[in-house]
Amino acid sequence: MAIWNKDIETMPREKLEELQLKRLQETVNRVYENVKPYREKMDKAGIKPDDIKTLDDLSKLPFTVKQDLRDNYPYGMFAVPMEQVTEIHASSGTTGKQTVVGLTEKDVDIWAEIAARALSAMGVDKNSVVQTSYGFGLFTGGFGAHYGARKIGAVAIPTSSGNSKRQINIMKDFGSTFLCCTPSYALSLSETLVDMGFTKDDIKLQGGAFGAEPWTEEIRQEIQEKLGINAYDIYGLSEIMGPGVGYECADQSGMHINEDHFIVEVIDPETGEVVPDGSMGEIVFTCITKEALPLIRYRTRDIATINKGMCRCGRTFARMSKPMGRSDDMLIIRGVNVFPSQIEEVLMKTEGVAPHYQIIVDRINNKDMLDVLVEVSNKDLTDEIKSLEALSKKVSAEILSVLGIKANIKLVEPKTIARSEGKSVRVIDKRQLH
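Just so we're clear, the structure is a prediction, and the values are computed from it rather than from any experiment.

Okay, the overall build of the protein chain next. Each helix and strand counted, the protein chain has eleven helices and 21 strands in total. By the compact-globule yardstick of 22 Å for 434 residues, the protein chain fits well, its C-alpha radius of gyration being 22 Å. Counting only C-alpha atoms, the protein chain reaches 70 × 55 × 40 Å along its principal axes. Looking at the protein chain residue by residue over its 434 residues, the buried ones come to 54%. Counting only contacts in the protein chain whose residues sit at least 6 apart along the sequence, the fraction spanning at least 24 positions is 66%.

Together, Y75, M82, I88 and L138 make up a nonpolar patch on the protein surface, roughly 330 Å² of accessible area in all. Mapped onto the elements, L138 comes out in the loop between β3 (129-132) and α6 (141-152). Classification of L138 as partly exposed rests on a relative accessible area of 44%.

Strands sit in the order β20-β19-β18-β21 across an open sheet of four strands; the sheet is mixed. Every interior strand has two partners, whereas the edge strands, β20 (408-412) and β21 (427-429), have only one. Strand-to-strand, the axes of this sheet are offset by a mean angle of 20°, without reference to chain direction. Taken together, the five bridges between strand β19 (residues 367-376) and β20 define a ladder with parallel strand orientation. Along β20, the bridge assignment pairs D371 with N408. Packing of helix α10 (residues 340-348) onto the sheet brings it into contact with β18 (353-364), β19 and β21, and relative to β18 it is tilted by some 135°.

Once that is clear, we can look at the pattern of salt bridges. Enumeration according to the criterion identifies 25 salt bridges in this entry. Here E17 and R13 are joined by a salt bridge, their closest N and O atoms 3.3 Å apart. Separated by four residues within a single helix, E17 and R13 lie in helix α2 (residues 13-34), roughly one turn from each other. Its salt-bridge partner being K36, residue E40 comes within 3.9 Å of it at the nearest N-O pair. Separated by four residues within a single helix, E40 and K36 lie in helix α3 (residues 36-45), roughly one turn from each other. Look at the salt bridges and you will find they share partners, linking R363, D368, D429 and R431 into a network.

Right, let's get into empty space enclosed by the protein. To find leftover empty space, one rolls a probe the size of a water molecule over the atoms. Enumeration according to the criterion identifies two cavities of 30 Å³ or more in this entry. There is about 40 Å³ of room inside the largest cavity. Considering the residues around the largest cavity, the lining is formed by V28, V31, Y38, M42, L61, P62 and I296. Among the secondary structure elements, those contributing two or more residues to the lining of the largest cavity are α2 and α3. What the second largest cavity holds in volume is close to 30 Å³.

This part is about the sheet that holds strand β10 (residues 262-267). Strands sit in the order β10-β11-β12-β15 across an open sheet of four strands; the sheet is antiparallel. At either margin of the open sheet sits one strand with a lone partner, and together these are β10 and β15 (325-326). Summarising the sheet, strand β11 (residues 281-287) and strand β12 (residues 298-304) pair through four bridges and their orientation is antiparallel. If you follow V284 over to β12, its bridge partner there is R299.

Conventions adopted
- Residues numbered from 1 in each chain as written.
- Predicted model: local features only at pLDDT ≥ 70, side-chain atom pairs only at ≥ 80, totals over all residues.
- Heavy atoms only, no water.
- Helix = DSSP H or I, 4+ residues; strand = E, 2+ residues; numbered from the N terminus.
- Rg over C-alpha atoms; globule rule 2.2 N^0.38 Å.
- Buried < 20%, exposed > 50% of the residue type's maximum accessible area, 1.4 Å probe, protein only.
- Contact = heavy atoms within 4.5 Å.
- Patch = residues over 30% accessible without salt bridge, like charges linked within 9 Å, V, L, I, M, F, W, Y side chains within 5 Å.
- Areas by Shrake-Rupley, 256 points an atom, 1.4 Å probe, with all protein chains shown as cover.
- Salt bridge = Lys/Arg side-chain N within 4 Å of Asp/Glu carboxyl O.
- Pairing = 2+ DSSP bridges.
- Axes fitted to C-alpha atoms, helices over the stretch in contact; angles between N-to-C directions.
- 1 Å grid on protein atoms, 1.4 Å probe; cavity = no way out; pocket = protein on both sides within 12 Å on 5 of 7 lines; lining within 4 Å.
- Points joined across faces, edges and corners; volume = space filled by probe spheres on them.

Keep in mind that these numbers describe shape and distance, not what the molecule does.
Encoded structure:
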């Protein structure tokens, strides 16, 4: 697999950190001068831009959280005047005010560059045909992949999400060789492919970049088998830049962070203290080249580890593990910390169930109840009651063994659980309704 920008992606660590410090100092000065909320936060903490003399001094700066963006809605966190902003993205705003993201023309160029690095590491080149089935709109997913494909010189097909039969027809007729979408939608497309009477041999896909939701190694294997491709992880979040912040190479030993543009830290989500390299914690990003919205120490809520050792591919960028979940998505059930990915891992290792499930948590008579709806892979559901009962007990026993809590397993017929064309809804927590 090609390295898009070898001079940067394989830069010696010492030289990379010198570049980071220079860019960090410039950014901190700029936000202090131009972003009132940052100036107020830093003044309150007794920190001035001149106090940032080393990369370790980054930990002196206050955190930024999503609520800061909401409190300063829509443009209060921007570091440039609006006449310099050329593109706006935003979150869905389903749990409060939208978080608004602005980009200058230079920001868009940087985004295209880091996305090109990501896609190149996965095998995309000028001969590729990239079908992007992330949503296009205020969500950043589709645009990042699209910009990256165009930067490389590949054929970019912005199909957006939805209309799965049309997606398959485009895939076949246009000769798509690379797919970008959420992992759950990739699985949904693999089902549609079969429903339309085709097999993976009828399409030309060779690889795919999947992200925007947590997914396990078991889901990776499922996608690879059903679509006949190599499935790669890509990481990003709208507030930082969108897809391309982190990416897997062919080695697949973690996602390389584009450290010439973002400084990554790992903190204890409870104390906020930086934890040693290799320790599990919450990922925190600082933007050091963005013009419009250069966020400082932004708490992602994603739980992962960071490895700063050189990768076998030759890249020196730190590698981020696949997030095991989000600190704000973690479920506490009967005093036990539960991540949906842990349940998914159990399900995907169990023969007889399909990779489509939903976790429902409720509180009945002051006791937490955990129900897991999962589709069986055998279409003849009603003729094998005894074997289904055994399967249900097996899954329940495995979850008890891994998590230490009992789950009520409800096996349902294939295609009973709603498919998502974007991010899948894996968890329904009804306890907040009581």
